[in-house]
Amino acid sequence: MFRTITHFAVAALFVFVAAGCQSMTGETTGEQLNDTGITSSVKTKLAAERAGTLSQVTVETVRNTVYLTGVVPSAEDKRRAGEVARSADGVKEVVNNLQVRGQ
């Protein structure tokens, strides 16, 4: 009996935490997990580019929109980072806010 009550309490706590997360970010738990997967995919692809020249790019995903921030050495690197981000599964849009060093 005690074990059943404990399991119920843990399940109820999970529901409240998940609901709280949604109210803070406006995203459901499923959306957050999907965004996390997209972010990981984009970061992995960027790190693999030209010996990691794009590995310092910050990637954030909100509702399948990828936001790129940071500083890159050239306009070509900025363009390429946007292409790489768009190539990841599940990406609807890319907002490329990368700055080119020296500009």
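Everything below is about the structure printed above this text.
Residues numbered from 1 in each chain as written. Predicted model: local features only at pLDDT ≥ 70, side-chain atom pairs only at ≥ 80, totals over all residues. Heavy atoms only, no water.

Bringing the overall build of the chain into the picture now. The helix and strand inventory of the chain stands at three helices and five strands. In sequence order, the chain lays out its α and β elements as α-α-β-β-β-α-β-β. By the burial criterion, 27% of the 103 residues in the chain qualify as buried. In the chain, 59% of the contacts between residues at least 6 apart in sequence involve partners at least 24 apart. (Helix = DSSP H or I, 4+ residues; strand = E, 2+ residues; numbered from the N terminus. Buried < 20%, exposed > 50% of the residue type's maximum accessible area, 1.4 Å probe, protein only. Contact = heavy atoms within 4.5 Å.)

Soluble globular proteins tend to bury their nonpolar side chains together. Ranked by size, the top nonpolar core spans 17 residues in total, and within it Val42, Leu46, Val57, Val59, Val66 and Leu68 carry the most contacts. Among residues more than four places away in sequence, those in contact with Leu46 are Leu54, Ser55, Val57, Val59, Leu68, Ala81 and Val84. (Core = buried A, V, L, I, M, F, W, Y, C linked by side-chain atoms within 4.5 Å.)

Taken in spatial order, the three strands of this open sheet run S1-S2-S4, and their pairing is mixed. What marks the edges here is a single partner per strand, and that holds for strand S1 (58-62) and strand S4 (93-96). When the angles between neighbouring strand axes are averaged without regard to direction, this sheet yields 20°. In this sheet, S4 lies alongside strand S2 (residues 65-69) in parallel orientation, the contact comprising four bridges. In the strand pairing of S4, Tyr67 is matched with Val95. Packing against the sheet, helix H2 (residues 29-48) makes contact with S1 and S2, and its axis sits at approximately 155° to S1. (Pairing = 2+ DSSP bridges. Axes fitted to C-alpha atoms, helices over the stretch in contact; angles between N-to-C directions.)

All we've got here are geometric facts, nothing functional implied.
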